[in-house]
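Observations on the model geometry
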Amino acid sequence: MTSAAPPRLAGSPATLVIDGRVDADRALLVPRGELVHGCADILAEVLAALPAGIGRVNLDMGDVAFMDTAGLQFLDLLGGFSHRQAVPVTATNWHGQPLRILELAGLDTTDPLRATAHRPDPERKPEQEQEPEPETEPPAAPSAPAPPAEQLHVLQEEVDQLRRAIASRPVIDQARGVLMALHACTSDEAWHILREASQLSNTKLRTVAAAVTAGAESDGPPPPPEVRAALRAALARLRR
C-alpha cells in the first residue's frame, strides 16, 4: 500500500516540495528544491500527515539543490520528531552545495541524523520487571547538533557568496556569448577574458560581465575606461 504525503503547506513558497509514500510501517520522503526560509513549516505539515504507528522515516535528499542555515532548522525538526515519536529517522544522499553546508556545520555528511537512525525500539516487555533498572537522567534529544556561533557566521557567509554566484551566472553567461560572437572565441576563452579583465581592472567579475552585455545592446553604454582597457589587454594576450 502506498500513500502520498502532502506536497507542501498551503501558502508557503514553492521553493520546496516534499513527495512521499508509506510502505507498510516505513515512510520515504523525497524533498525537491531548496532548504530555505519556510522549509521547516513544509516539513512539519508532511510529518503531521504521516499515519499513526509509523516505524521508520527515511529522507532521500538527492533532489535538494540548495540549502542555507534554514536547513539546520529542517534537520532539528527531524531530530525532534524522531525523539518525540521514538522513530528512527535518516536523511541521506546529500550532494553538491548542501553537502558543503553540512561540512561547514560539522555534521555527518553521510547522514546528519545518524544519532536518531539507530534508536532501539522503545517498547519494553513487561516480563522483565523482576529487578527494575535504577533510574537515570533521561538522555537529551538527539537532534542535529547546533554549530557554534562562529561556525554559523562562516556558514552564513558562504551561503551568501553562493547565492550571489548563482544570481550572477545569467549575466556572466550572456557576456561570454557576446565575447564569443564578437571575437570568434570559445566559451572557455571568453570566460578567461572576463576573469582576466576583472583582475586587471580590479572590478568584480559580475560588473565586468554586465558592462560587456550592456555595451552590446543598441545604444548601450560602453564599458568604463578601465574595464575597456582590461578587456583589450585580455584579448591581446589571448591572440598571442
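Here we summarise the structure given alongside this text.

Conventions and cut-offs
- Residues numbered from 1 in each chain as written.
- Predicted model: local features only at pLDDT ≥ 70, side-chain atom pairs only at ≥ 80, totals over all residues.
- Heavy atoms only, no water.
- Helix = DSSP H or I, 4+ residues; strand = E, 2+ residues; numbered from the N terminus.
- Buried < 20%, exposed > 50% of the residue type's maximum accessible area, 1.4 Å probe, protein only.
- Areas by Shrake-Rupley, 256 points an atom, 1.4 Å probe, with all protein chains shown as cover.
- Core = buried A, V, L, I, M, F, W, Y, C linked by side-chain atoms within 4.5 Å.
- Contact = heavy atoms within 4.5 Å.
- Arc of directions from axis to C-beta.
- 1 Å grid on protein atoms, 1.4 Å probe; cavity = no way out; pocket = protein on both sides within 12 Å on 5 of 7 lines; lining within 4 Å.
- Points joined across faces, edges and corners; volume = space filled by probe spheres on them.
- Nonpolar A, V, L, I, M, F, W, Y, C, P; charged D, E, K, R; others polar.
- Salt bridge = Lys/Arg side-chain N within 4 Å of Asp/Glu carboxyl O.
- Polar contact = N/O pair within 3.5 Å; in protein donor to acceptor, adjacent residues only side chain to side chain.

Describing the overall build of the chain
Counting secondary structure elements, the chain contains eight helices and five strands. For the chain, the succession of helices and strands along the chain, N to C, is β-β-α-β-β-α-β-α-α-α-α-α-α. Per-residue burial over the chain gives 38% buried out of 240 residues. With the model as given, the accessible surface of the chain reaches about 14,100 Å², and the carbon-plus-sulfur share is 52%.

Looking at the nonpolar core
Most often, soluble globular proteins keep nonpolar side chains buried together rather than apart. Counting residues in each nonpolar core, the largest one holds 33 residues, and the members touching the most others are Leu 35, Val 57, Leu 59, Phe 74 and Leu 78. Those elements that provide at least two residues to this core are strand S1 (16-23), strand S2 (26-35), helix H1 (39-48), strand S3 (56-60), strand S4 (63-67), helix H2 (70-85), strand S5 (89-92) and helix H3 (96-104). A total of six residues in this core trace back to one element, the largest contributor, which is H2. For Leu 59, the contacting residues outside a window of four places in its chain are Leu 29, Pro 31, Phe 74, Leu 78, Val 89, Thr 90, Ala 91 and Thr 92. Counting residues in each nonpolar core, the second largest holds 18 residues, with Ile 193, Leu 194, Val 227 and Ala 230 among its members.

Quick notes on H3
If you check which residues of H3 are buried, you get Gln 97, Pro 98, Ile 101, Leu 102 and Leu 104. Down the axis of H3, the buried set is contained in an arc of 165°. They therefore lie on one face. Within two residues after H3, Gly 106 carries a phi angle of roughly 75°, on the positive side.

Remarks on the layout of surface pockets
Within this model, the largest pocket holds a volume of roughly 220 Å³. Every residue along the wall of the largest pocket is listed here: Val 178, Leu 179, Leu 182, His 183, Val 212, Gly 215, Ala 216, Pro 223, Arg 228, Leu 231, Arg 232 and Leu 235. Contributions of two or more residues to the lining of the largest pocket are made by helix H5 (149-183), helix H7 (205-216) and helix H8 (225-239). Counted by class, the lining of the largest pocket contains eight nonpolar, two polar and two charged residues.

Examining the pattern of salt bridges
In this structure the tally under the stated criterion is six salt bridges. Here Asp 63 makes a salt bridge to Arg 32, at a shortest N to O gap of 2.2 Å. Of this pair, Asp 63 sits in strand S4 while Arg 32 sits in strand S2, and the two are 31 residues apart along the sequence. Judged by its relative accessible area of 37%, Arg 32 is partly exposed. Here Glu 196 and Arg 237 are joined by a salt bridge, their closest N and O atoms 2.9 Å apart. Here the residue Glu 196 occupies a position in helix H6 (residues 187-201), and Arg 237 occupies one in helix H8, the gap between them amounting to 41 residues.

A short note on the side chain of Gln 97
Looking at the secondary structure, you find Gln 97 in helix H3. Gln 97 gets classed as buried once you look at its relative accessible area, which sits at 14%. Among the polar contacts listed, one links the side chain of Gln 97 to the backbone nitrogen of Met 67, at a separation of 2.8 Å.

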